[in-house]
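Breakdown of the fold
Listed below are the residues making up each chain.
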Amino acid sequence: MNFFKRYKLDSVLLPLIGVGAFLILWLAIAGRVETRKTLDEFGDPVTKTVKTGLSPDLPSPAETWKASKPYLAEPFAKRGELDQGILAFTILSLSLVMQGYLIALAIGTPLGFFLGLSKTFTKAMDPIIQVLRPVSPLAWFPLGLVLFSSVKFIDGGGKTVFGASDAAALFTIAVCSMWPAVMNTAVGVRAVPTDYLNVAKVLKLSRGKTLFKVLLPATLPYMFTGFRLSLGIAWLVIVAVEMLTGRPGVGGFLWQEYNAGSYSRIILCILTIGIVGLVLDRLMSVVESRFKTA
Amino acid sequence: MPFLELNSVSKGYGAEGARSEVLKDINLIVEEGEFVAIVGYSGAGKTTLISMIAGLLQPDAGSVKLRGEAITCPGPDRGIVFQNYSLLPWLTVFENVALAVDQVFPQWSATQRREQVEKYLAMVNLTPAAGKLPRELSGGMRQRVSVARALAMEPKILLLDEPLGALDALTRATLQDEIVRIWEQDRRTVVLITNDVDEGILTADRIIPLSAGPSATLGPSIAVDIPRPRNRKELNSAPAFKRVRKAVLDYLLGTGGRQKTTVSRKLTLPDLLPENLDEPRTLFGAKRVPRRRSEEKFESVELA
């Protein structure tokens, strides 16, 4: 181990070993294509391709790479609505996530503040929040469709620009990802030290000034922790939403490729979702750490 | 008309029934320009007392009046320096003081307000630290910022709630001198809360001991007739110092001391004799038990 430590190899090598082990496991359970030469009932030689293995339909790493290559090589290509480069899909998904996420923050942060400030409000809202919080995105989406069934914005050419399914998609993302922001903001507001509030009282700061000069800065670290967790959930929900709507995006592409039977690209989608999620989380924790006070 | 007047003030905490009285029948008169120190045990209700003068708490009974007007809410005419500094950690030293100045003097021009902040930061010798955040400062420096913030509001009365409680002895001594130096510049009315008798004698015109809680009350006012400037080194041998110190301590430890209570409790004496090693060790060790059982006795103890 000394050798590893001296050259700082363990931080490179150990993750590589982990990834390697994962690939080997994948390869072991992936299906293999075998070509068998047999005689048919007339005695003529025929070649038959058979898939064998623990999970015959699971494509091997090599197949996955081969099938994914065109999507990775031209990440922004647009060959059709549901046949685009992987980054083009990512951008489509991200833009939808961002819209839903911003709605979640716009509703969740003030809600969290009210919950933190008023015990009465907390008591009134708590049962509703506790019941709504664990509901899955799959359950919210149909309700969104019902709620916004009359939403329809049509452009000049008679094409629907923003319909019920778009509204339902945003609703689902917002409603699912809102809760960490709400809860953390509420906890943060409750955790504001009495000393800071005493300072505000002695200085006779107005309500608005107390909010923006004392409460908000003191709550920011908590709020950003909530915002980071919310973004993670918003990104989780996107796949479900895109599957249900069939919108172009990483999740929509994934579902389409499943229906089309090209399983290799499902794995490409999963990896993309994972990597994007990781990047988002890291970006948010950089922002979060900037707001750490004292 | 007295400047600050507390008239048979009482304050308790807790719900009806399980209520504990913290302060009982507090009478205090402070004249304008006076430096009064209130010395008492920790936990006696000193912070409660000063919170009521500041208006952060309302008395259950009695009245707190400043210049004849009842204090009903906190306000910038009573500058308070909290025990734990209470600086806003996301604001720099300058901004912390400026927040107070901007709030109290909105009619001033921006330049005037900036000069006010700079003046008071200079007064506590913190001009070089103006751009720093509180977490970059030592405890003593933070407390000086807190003092500057309170003074910059130009309050009618300055309330110091154990301002030096959290500091080490050396920093404490330096800041005590500094508080006196600042006070002598404009002789504002000061109420200092402390648990350090010497600190009170060094800084104040009068010392009023606060008896131990629950139901703490103020003792007789003891004048500190030592001429200013008081020298820390000479003070220790001054007869006046000794007299004042004795008077305060006599009250705190004597009549105003904690009410003597006795409790009777069961004492268990430990086994003093060792195991009997001559006996063979058996599976359960039954034979090797100590030869004497624990002794129990009852004892009445007087609580200090």
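What counts as what
- Residues numbered from 1 in each chain as written.
- Chains lettered and ligands numbered in written order.
- Predicted model: local features only at pLDDT ≥ 70, side-chain atom pairs only at ≥ 80, totals over all residues.
- Helix = DSSP H or I, 4+ residues; strand = E, 2+ residues; numbered from the N terminus.
- Buried ≥ 20, exposed ≤ 12 C-beta atoms within 10 Å, placed from the backbone.
- Contact = placed C-beta atoms within 7 Å.
- Pairing = 2+ DSSP bridges.
- Axes fitted to C-alpha atoms, helices over the stretch in contact; angles between N-to-C directions.
- Parallel < 35°, antiparallel > 145°, perpendicular 65-115°, else oblique.
- Left-handed = near helix turned anticlockwise from the far one by under 90°.
- Nonpolar A, V, L, I, M, F, W, Y, C, P; charged D, E, K, R; others polar.
- Expected span 1.5 Å × (residues − 1).
- Bend = angle between axes of the 7 residues up to and from the residue.
- pLDDT = per-residue confidence, 0-100.
- Core = buried A, V, L, I, M, F, W, Y, C linked by C-beta atoms within 7 Å.
- Arc of directions from axis to C-beta.

**With respect to the overall build of chain B**
In terms of helices and strands, chain B carries eight helices and twelve strands. Classification of the 304 residues of chain B by burial places 38% in the buried group. The contacts of chain B with a sequence gap of at least 6 include a subset with a gap of at least 24, amounting to 68%.

**Some details on the overall build of chain A**
Assigned secondary structure in chain A consists of eleven helices and six strands. Along the three orthogonal principal directions, the C-alpha set of chain A runs to about 100 × 70 × 35 Å. Residues classed as buried in chain A amount to 33% of the 294 residues present. Taking as baseline every contact in chain A between residues at least 6 positions apart, the subset at least 24 positions apart corresponds to 67%.

**Considering the sheet that holds strand 2 (residues 20-30) of chain B**
Residue and element names in this part refer to chain B. Pairing within the open sheet is antiparallel, and its four strands lie in the order 2-1-4-5. The sheet terminates laterally at strand 2 and strand 5 (69-70), the two strands that pair on one side only. By the bridge criterion, two bridges tie strand 4 (residues 61-66) to strand 5 in an arrangement that is antiparallel. Following the sheet pairing, Leu66 is matched in strand 5 by Glu69.

**Notes on the packing of helix 9 (residues 207-245) of chain A against helix 11 (residues 263-290) of chain A**
Residue and element names in this part refer to chain A. Running from amino to carboxyl end, helix 9 crosses helix 11 at an angle of 165°, the nearest separation of the two axes being 9 Å. Relative to helix 11, the element helix 9 lies roughly antiparallel. Of the two elements, helix 9 crosses helix 11, and the hand of that crossing is right-handed. Across the interface between the two elements, Phe224, Thr225, Phe227, Arg228, Leu231, Gly232, Trp235 and Val239 from helix 9 touch Ile273, Val276, Gly277, Leu280, Asp281, Met284, Ser285, Val287 and Glu288 from helix 11. Its residues assigned to classes, the contact of helix 9 with helix 11 shows ten nonpolar, four polar and three charged.

**Topic: the interface of chain A and chain B**
Of the residues lining the interface, 14 residues belong to chain A; the matching set on chain B comes to 16 residues. Those elements that place two or more of their residues in the side of chain A that touches chain B are helix 8 (194-202) and helix 9 of chain A. When residues of the side of chain A that touches chain B are assigned to their parent elements, the largest contribution, six residues, is made by helix 8 of chain A. Taken together, the residues of the side of chain A that touches chain B break down into eight nonpolar, two polar and four charged.

**Points about the packing of helix 2 (residues 93-104) of chain B against helix 3 (residues 110-123) of chain B**
Residue and element names in this part refer to chain B. Two numbers describe how helix 2 lies on helix 3: the axes approach to 9 Å, and their chain directions differ by 125°. Between helix 2 and helix 3, the angle is such that the two are oblique. In this structure, helix 2 crosses over helix 3, and the sense of that crossing is right-handed. Residues Val93, Phe94, Val97, Ala98, Val101 and Asp102 of helix 2 form the contact with helix 3, whose own contacting residues are Arg113, Gln116, Val117, Tyr120 and Leu121. Classifying every residue of the contact of helix 2 with helix 3 gives eight nonpolar, one polar and two charged.

**Looking at helix 9 of chain A**
Residues and elements named next belong to chain A. Over its 39 residues, helix 9 extends only 44 Å from the first C-alpha to the last, a length that falls short of the 57 Å expected when each residue adds 1.5 Å. Approximately 50° is the largest bend angle found in helix 9, and it occurs at Leu220, with the proline Pro221 only one to four residues beyond. Directly after helix 9, the chain includes Gly246, whose backbone phi takes a positive value near 75°.

**Some words on the confidence of the model for chain B**
Residues and elements named next belong to chain B. Across chain B, pLDDT averages 82, with 83% of residues at or above 70. Within chain B, strand 11 (residues 261-269) has the poorest average pLDDT of any element, 61, and helix 2 the best, 92. Quick note on the complex model: pTM equals 0.75, ipTM equals 0.73.

**Considerations on unusual backbone geometry**
Residues and elements named next belong to chain B. The phi torsion at Ser86 lies on the positive side, around 50°, for a residue other than glycine. Take Ser86: it is sitting in the loop between strand 6 (78-81) and helix 2. Under the C-beta neighbour-count criterion, Ser86 is labelled buried, with 22 such atoms within 10 Å. Unusually for a residue other than glycine, Arg187 sits at a positive phi of about 45°. You can see Arg187 is positioned in the loop between helix 5 (169-186) and strand 8 (189-194). Exposure remark for Arg187: the 11 C-beta atoms within 10 Å place this residue in the exposed category.

**Considerations on the pairing of strand 7 (residues 157-161) of chain B**
Residue and element names in this part refer to chain B. Of all five residues that make up strand 7, five are buried, and the element is covered over most of its length. Residues Ile157, Leu159 and Asp161 point to one face of strand 7 and Leu158 and Leu160 to the other, with burial holding for every one of them. Relative to strand 7, strand 6 runs parallel, the two being bridged by four bridges. Among the inter-strand pairings, Arg78 is bridged to a residue of strand 7, identified as Ile157. Relative to strand 8, strand 7 is paired through five bridges, and the arrangement is parallel. Bridge assignment links Asp161 to a residue of strand 8, and that residue is Ile193.

**Digging into the sheet that holds strand 3 (residues 35-40) of chain B**
Strand order in the open sheet made by the six strands is 6-7-8-3-9-10 (chain B), with mixed pairing throughout. Where the open sheet ends on each side, the last strands, each with one partner, are strand 6 and strand 10 (222-223) of chain B.

**Section: the nonpolar core**
Counting 135 residues, the largest nonpolar core has A:Ile173, B:Ile53, B:Val97, B:Ala148, B:Val191 and B:Ile207 as its most contacted members. The element that contributes the greatest number of residues to this core is helix 9 of chain A, accounting for 16 residues. Those residues within four positions of B:Ile53 in sequence are excluded, and the remaining contacts are B:Leu4, B:Val64, B:Ile71, B:Arg78, B:Leu159 and B:Val191.

**Here we look at helix 8 of chain A**
The periodicity of an α-helix, 3.6 residues per turn, causes residues three or four positions apart to be oriented the same way. Residues and elements named next belong to chain A. Inspection of helix 8 places Val199, Ala200 and Val202 among the buried residues, and these make up the whole buried set. The arc that holds the buried residues of helix 8, viewed along the axis, is 165°, so those residues lie on one side. One or two positions beyond helix 8, positive phi appears at Lys204, with a value near 55°.

**Quick notes on the environment of A:Gly261**
Residue and element names in this part refer to chain A. Turning to its location among the elements, Gly261 is positioned in the loop between helix 10 (250-260) and helix 11. Given 7 C-beta atoms within a 10 Å radius, Gly261 is considered exposed. When the C-alpha positions of Gly261 and Asp57 are compared, they lie 9.4 Å apart, and in sequence the two are 204 residues distant.

**Observations concerning the pairing of strand 1 (residues 32-39) of chain A**
All names here are of chain A. Strand 1 sits mainly on the outside: zero of its eight residues count as buried. Sheet topology note: the strand 1/strand 2 (residues 45-52) ladder contains eight bridges and is antiparallel. Residue Leu39 lies in a different strand from strand 2, and its bridge partner there is Pro45. Here strand 1 folds back onto strand 2, and the loop between the two strands holds five residues, one of which, Gly43, carries a positive phi near 85°.

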